[in-house]
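# A closer look at the structure
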Amino acid sequence: MGHMKKRVLSGIQPSGALHLGNYFGMMSRMINYQDENDLFCFIVNYHALTTIQDKNELEENTINAALDFLALGMDPDKSTFWVQSDVPKVTELTWLLSSMAGVGLMERSTSYKDKIEKGLKPHMGLFSYPILMAADILLYGSEIVPVGKDQKQHLEITRDIAIRFNNTYGDVFVIPEADINENTMLVPGIDGQKMSKSYGNTIPIFSDEKIIRKAVMSITTDSTDINDPKDKDTPLFKIYSMFLNNDEKDILSDRYDTPGLRYGDLKKELFEKIIEYFSPYRKKRDDLLKNIDFVHSSLNQGAQKASNVADTYIEKIRNSMGLKY
Ligand code: ADP
Ligand code: TRP
């Protein structure tokens, strides 16, 4: 008996070194969900094809993302942890859903518009990205999808597609809920914009310490006089706060109001905090690197588990649509 565990699913693109935004917005939350929920977590390399067209780069990023997750505490026995392309049925579902996805809905995708604005070539992969994401979520009967705020619209598109499908073919899909954490929903980058691999403004989790130090020391600050109270709606304050509990945050806040605070000192403290915080995980990651077979076998095991769930759903979906005759 007991309560049924909820199916929680989320994915991350292997599109570069994972950073504090990914960590607080998604990874740490997923890892914390493992005990109480039926967790599905995957590395979405099909999605990354929309921006990475270099074979070696994609391969390296994929295994690095897997190492990062495992080092941070993803437990392949408790959870279902895999690489998206190891369950290719998701691409079939993408096609099956595409007639439920109105062009108008897709055209309103802000992430598509943002990417085009940034100079990416407007190809069909970018345009259909949200349908593949809907397939990811619906193929596994996901109930809860923890993501950062930037993914909110993708979840709305997923729900829209699922509701339309259910209205057309009967009650096939679970309608998923986005789970967005208000405290960490937007980690700023070192320039104050959203921290993102594609903006080159990240503090990576597992890079060389020198790179992390350089990133921290480059956090944009203002030129408020050392003896004047300082603005807290700033990247340094916000990033530092991610590592503090409420009492510690109050102390930091007081320091911002007190004369004599130097941003340079604060940056050094933050750098130390980051290194200290991630040091056990860094060690774990080094150990995993020496045991890469374990990483591969964990991913295989995850793909097998995910595939079993996908099989049941895809059968049901095909039946409901008239693809069995
Ligand atoms: P990036 O913008 O670096 O390419 P992704 O789009 O791959 O990151 O995001 C992976 C996950 O991490 C998503 O759930 C996303 O919402 C979350 N995430 C990314 N950047 C941030 C951020 N700056 N703050 C909070 N969450 C973030
Ligand atoms: N689009 C998501 C991002 O960029 C990644 C993603 C792909 C995802 N498929 C998913 C997230 C399914 C949650 C569920 O962050």
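Now for a description of the structure that goes with this document. What you are looking at is a predicted structure, and each value in this text was computed from that prediction instead of being measured.

### Quick notes on the overall build of the protein chain
A count of helical and extended segments in the protein chain gives 13 helices and five strands. The C-alpha radius of gyration of the protein chain comes to 21 Å, within 12% of the 20 Å expected for a compact globule of 325 residues. Projected onto its principal axes, the C-alpha positions of the protein chain cover 75 × 45 × 45 Å. When burial is assessed residue by residue, the protein chain has 49% of its 325 residues classed as buried.

### Points about the site of ligand 1
In the vicinity of ligand 1, 19 residues are found, and the nearest of them are His19, Gly148, Asp150, Ser196 and Lys197. Contacts to ligand 1 include Met195, whose backbone N or O atom sits 2.9 Å from a nitrogen atom. Coverage of ligand 1 by the protein chains reaches 94% of its 530 Å² of free accessible surface. Split by residue class, the shell around ligand 1 holds seven nonpolar, nine polar and three charged.

### A few points about the site of ligand 2
Near ligand 2 you find 13 residues, and of these His47, Tyr129, Met133, Asp136 and Gln151 are the closest. The separation between a nitrogen atom of ligand 2 and a polar side-chain atom of Asp136 is 2.6 Å. In the complex, 90% of the free accessible area of ligand 2, which totals 360 Å², lies under the protein chains. Within the residue set of the shell around ligand 2, elements represented by two or more residues are strand 1 (7–12) and helix 7 (124–138). Top element by residues in the shell around ligand 2 is helix 7. It accounts for four residues. Of the residues assigned to the shell around ligand 2, the class counts are seven nonpolar, five polar and one charged.

### Considering helix 1 (residues 20–33)
Taking 1.5 Å of rise per residue, 14 residues should cover 20 Å, and helix 1 covers 18 Å from first to last C-alpha, within 8% of that figure. Along its length, helix 1 reaches its greatest deviation from straightness, about 35°, at Met27. Burial analysis of helix 1 places 12 of its 14 residues in the buried class, which makes it a mostly covered element. Listed as buried for helix 1 are Leu20, Gly21, Asn22, Tyr23, Phe24, Gly25, Met26, Met27, Ser28, Arg29, Met30 and Ile31.

### Observations regarding the pairing of strand 1
With respect to burial, strand 1 is a largely interior element, five of its six residues being buried. Examined bridge by bridge, strand 1 and strand 2 (residues 38–43) share six bridges and lie parallel to one another. What sits directly across from Ile12, in strand 2, is Ile43. The parallel pair strand 1 and strand 2 is bridged by helix 1, and the resulting crossover is right-handed.

### Quick word on the side chain of Ser307
One can find Ser307 in helix 13 (residues 292–321). For Ser307, a relative accessible area of 15% translates into the label buried. Sequence-distant contacts of Ser307, that is, excluding residues within four places in its chain, are made with Val87 and Lys89.

### Examining the packing of helix 4 (residues 89–98) against helix 7
The interhelical angle for the contact between helix 4 and helix 7, taken along N-to-C directions, is 115°, at an axis separation of 8 Å. On the basis of the axis angle, helix 4 is roughly perpendicular to helix 7. Remark: the crossing between helix 4 and helix 7 carries right-handed chirality. Between helix 4 and helix 7, the residues in contact are Val90, Leu93, Thr94, Leu97 and Ser98 and Ile131, Leu132, Ala134, Ala135, Asp136 and Leu138, respectively. When the residues that make up the contact of helix 4 with helix 7 are grouped by side-chain class, the tally is eight nonpolar, two polar and one charged.

### Description of the packing of helix 7 against helix 8 (residues 152–169)
Each packed pair of helices is defined by two parameters, the angle between the axes and the distance between the axes. One can describe the packing of helix 7 onto helix 8 by two numbers: an axis separation of 9 Å at closest approach and a directional angle of 70°. If you check the angle between helix 7 and helix 8, you find them roughly perpendicular. Helix 8 is crossed by helix 7, and the crossing has right-handed handedness. For the pair helix 7 and helix 8, the contacting residues are Tyr129, Pro130, Met133, Ala134, Ile137 and Leu138 in the first and His154, Leu155, Ile157, Thr158, Ile161 and Ala162 in the second. Looking at the contact of helix 7 with helix 8 residue by residue, the class counts come to 10 nonpolar, two polar and no charged.

### Digging into the nonpolar core
Core analysis: the biggest nonpolar cluster contains 53 residues, and Leu20, Met27, Phe69, Phe81, Ile203, Leu270 and Ile274 have the highest contact counts within it. It is helix 12 (residues 263–289) that provides the largest number of residues to this core, a total of eight residues. Counting contributing residues, this core receives three or more from each of domain 1 (7–186 + 292–321) and domain 2 (207–286). Other than its neighbours up to four places away in sequence, Ile274 contacts Leu20, Ile203, Ile212, Val216 and Phe243. Among the nonpolar cores identified, the runner-up in size contains 45 residues, and Trp82, Leu105, Phe173 and Ile314 belong to it.

### With respect to the environment of Thr168
Looking at where Thr168 falls in the secondary structure, it is placed in helix 8. What makes Thr168 partly exposed here is its relative accessible area of 46%. Between the C-alpha atoms of Thr168 and Pro229, which are 61 residues apart in sequence, the distance is 59 Å.

Thresholds applied
- Residues numbered from 1 in each chain as written.
- Chains lettered and ligands numbered in written order.
- Predicted model: local features only at pLDDT ≥ 70, side-chain atom pairs only at ≥ 80, totals over all residues.
- Heavy atoms only, no water.
- Helix = DSSP H or I, 4+ residues; strand = E, 2+ residues; numbered from the N terminus.
- Rg over C-alpha atoms; globule rule 2.2 N^0.38 Å.
- Buried < 20%, exposed > 50% of the residue type's maximum accessible area, 1.4 Å probe, protein only.
- Near = heavy atom within 4 Å.
- Polar contact = N/O pair within 3.5 Å; in protein donor to acceptor, adjacent residues only side chain to side chain.
- Areas by Shrake-Rupley, 256 points an atom, 1.4 Å probe, with all protein chains shown as cover.
- Nonpolar A, V, L, I, M, F, W, Y, C, P; charged D, E, K, R; others polar.
- Expected span 1.5 Å × (residues − 1).
- Bend = angle between axes of the 7 residues up to and from the residue.
- Pairing = 2+ DSSP bridges.
- Right-handed = clockwise from strand over helix to strand, strands pointing away.
- Contact = heavy atoms within 4.5 Å.
- Axes fitted to C-alpha atoms, helices over the stretch in contact; angles between N-to-C directions.
- Parallel < 35°, antiparallel > 145°, perpendicular 65-115°, else oblique.
- Left-handed = near helix turned anticlockwise from the far one by under 90°.
- Core = buried A, V, L, I, M, F, W, Y, C linked by side-chain atoms within 4.5 Å.
- Domains from an automatic or database assignment.

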